[in-house]
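# Secondary and tertiary structure notes
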Amino acid sequence: MSESKEGMKFWLGMYPSVTFADGKCHILPGFGNTALFETELGLVLFDVPIRQLAQKTFNEVRNITNKQIKYLIFSHGHFDHAFGFEPFLKEIEEKGWEIPKIIGHENILRRFKKYKMLDQYHEWINSQQFASIAPKDKKGSTISPEYSLDPSILLVGNEAKYSFNLGGIDFDLYHDKGETDDSIWLWVPEKEVICTGDLLLSSFPNIGNPYKVQRYPLDWALALEKMLEKDAKFLIPGHGKFIEGRENVKDALSITSEALHFVHDGVVKRLNEGKWFEQIYHEMMDIFPDKFKKHRILSPIYGCYRFAIHATYRLYHGWYDTGNPTDLFPAKSDEIAIELLQITDARTYLNHAISLFEKDNFQLALHFIDIVLKGREKVNDDLYLDALILKSKILKKKATDEPSFIATNIISNAVNQLKGEIKFLKQKLVK
Ligand SMILES: [Zn+2]
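I will try to describe carefully the structure that is included in this document. (Residues numbered from 1 in each chain as written. Predicted model: local features only at pLDDT ≥ 70, side-chain atom pairs only at ≥ 80, totals over all residues. Heavy atoms only, no water.)

What follows is about the overall build of the protein chain. Regarding its fold elements, the protein chain presents 16 helices and 13 strands. Taking 431 residues into account, the globule formula puts the C-alpha radius of gyration at 22 Å, and the protein chain, at 24 Å, falls close to it. Along the first, second and third principal axes, the C-alpha set of the protein chain runs to 80 × 55 × 35 Å. A burial count over the protein chain gives 52% of its 431 residues as buried. In the protein chain, of all internal contacts separated by at least 6 residues, the share reaching a separation of at least 24 is 71%. Carbon and sulfur atoms provide 54% of the accessible area of the protein chain, an area that totals close to 20500 Å². Taken together, the 55 basic and 59 acidic charged side chains of the protein chain have centroids lying 4 Å from each other. (Helix = DSSP H or I, 4+ residues; strand = E, 2+ residues; numbered from the N terminus. Rg over C-alpha atoms; globule rule 2.2 N^0.38 Å. Buried < 20%, exposed > 50% of the residue type's maximum accessible area, 1.4 Å probe, protein only. Contact = heavy atoms within 4.5 Å. Areas by Shrake-Rupley, 256 points an atom, 1.4 Å probe, with all protein chains shown as cover. Lys, Arg positive; Asp, Glu negative; His and termini not counted. Charge placed at Lys NZ, Arg CZ, Asp CG, Glu CD.)

Spatial ordering of the open sheet is given by β8-β9-β10-β11-β12-β13, a layout of six strands whose pairing is mixed. Lying at the two open borders of the sheet, with one neighbouring strand each, are β8 (161–166) and β13 (243–244). When strand β10 (residues 184–188) meets strand β11 (residues 193–201), the two strands line up antiparallel, connected through three bridges. Across the sheet, V188 pairs through a bridge with V193, a residue of β11. Its contacts with the sheet place helix α7 (residues 217–228) against β9 (169–175), β10 and β11, and it is angled at close to 165° to β11. (Pairing = 2+ DSSP bridges. Axes fitted to C-alpha atoms, helices over the stretch in contact; angles between N-to-C directions.)

Now for a nonpolar patch on the surface. A cluster of nonpolar residues, W319, L328 and F329, forms a patch on the protein surface that exposes about 420 Å² of accessible area. Examined against the element boundaries, W319 turns out to sit in the loop between α11 (305–316) and α12 (333–343). We classify W319 as exposed; its relative accessible area is 63%. (Patch = residues over 30% accessible without salt bridge, like charges linked within 9 Å, V, L, I, M, F, W, Y side chains within 5 Å. Salt bridge = Lys/Arg side-chain N within 4 Å of Asp/Glu carboxyl O.)

Our next topic: the sheet that holds strand β2 (residues 25–29). One open sheet holds the seven strands; their spatial order is β1-β2-β3-β4-β5-β6-β7, and the pairing between them is mixed. Of all strands in the sheet, those with a lone pairing partner are β1 (18–20) and β7 (153–155), marking the two edges. If you compare each strand with its neighbour and ignore which way they point, the axes differ by 20° on average. Relative to β2, β1 runs antiparallel, the two being bridged by three bridges. Looking at β2, one finds that V18 is bridged to I27.

In summary, soluble globular proteins display a tendency toward joint burial of nonpolar side chains. Among the nonpolar cores identified, the biggest contains 37 residues, and L200 and I309 are the most heavily contacted of them. Elements supplying a minimum of two residues to this core: β10, β11, α7, α8 (246–272), α9 (277–286) and α11. Contact partners of L200, with chain neighbours within four places excluded, come to L224, L235, P237, G238, H239, I243, A252, L253, T256 and I297. Core analysis: the second largest hydrophobic core is formed by 34 residues, F58, F83, F112 and C304 among them. (Core = buried A, V, L, I, M, F, W, Y, C linked by side-chain atoms within 4.5 Å.)

Encoded structure:
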C-alpha cells in the first residue's frame, strides 16, 4: 500500500465539514483543519488553512455566519496552519472592521524569522516531502514566509497558558512542545472540545521526519496526557477526521501518548545501556508492539515509528552515532567505492546485487549497486546503465510497499531522478 485511499484523503483534507456541540462549533477541513466557534460577540478561529485553500475555507465560514472574527489562534507556525489568512484580512479591510486579536506562542516569531532565512531550502524540502500531492505548476505552490502574520498576543515561556472569554464562552490555551516548539492547543470547557493542532493527527505523530528539525517526544506525550485530563467529548485534530465521543477521544489521545512514551523510554533505556544507533534501532524495531501497529490513529500515513526512533536518539545524542572511529572523519564514499572496484570488478558487484534482488533482499542489493554507481569512473557506460536500471526497479518496488507518505515520496523522487539519468545514458549509448 503506497498511498492508501485513507492516506490521500488525509492529505487532501477530504473530510466533510462538521457542525457539532450546540450547532455553534464547526470543523472545516482543508489540507489541515480549521475550527470555528460562534459566540454572541463574534467568532474565534483556530488555525487557517494553507494559502491555496484559504478562499474555500473563508467561503465556508461566510456560509455559516456573517459575524466578525474576534480571535485568531495559531496552533503553530507551519505553512498549513498559519498562512491562509489573506481573504479574512481582505474582508476586515473592506468592511473597516477591527483587526482580530491574533494569538501564538512567542517561538512562532523565531520560526517566521527562520523561514525567511531558509526560504529556498524550505521550499525545496516541501517540494520533496509533498511531491505526490504538490501542485505541479510552481505558481501558487510557494509558502513564502514574506506574508506571515505576527501574533498580537504571545504566550511566553514553557509553561505558558492564556485564557479569554468571548460572548460568555471561555477559551483556554496551553503551550506544550511536541511537533514544534511553538505549539498551542485549545480547550473550550462549555463545548467540551479540544483543538490539538498537530499534536494529534489521524496518523503516527510527525516525529523524526527525515527532512525536518528536532521534535520533542517526551513533552509531546505529556501534552497529550494533559489533554486527557480534560475528558473532552470532541476533538479536532490538526489533520484528519473529527473525533467524537468521550471514549474515542480518550482512546486517540492515550494510545498516541503511550506510543510516544514507548519509543522515548525504549531509546533512553538503550542509551543508558551504552548502545549505539544501529543496535538501538534494530532492537526497537523488534519490540514494536502490535497494539500500536494495528491502531488506526497510529497508521504511518505521515510520521512513523521508524522515524520516531531517530527523533529520540537525536534529541539526546550527537552526530557520531556508530561508536566506530572509522566513521569520525570518514573518507569520501566515492573513493571507497573506487578502491573496492579495484579489488573486484563492477560486474561482480552488480551480479551480486542482482542475486540479492532475486532473493527479495532489496536493501542489501542497493548497497552493492551503490558501489558500482559511486565508482563511476571505473565503470563502463553499459554496466553503469544496468546498475541505474536495477536501482530504479528496486526503488519502485520499495515505494510500492512503503506505508509512510514521506518515505514513499523520498524514494519516488529518486526514481524520477534516475529516470532522467537512464534516459540520458541510453541516448548517449545509441549515438
Ligand atoms: Zn500540519
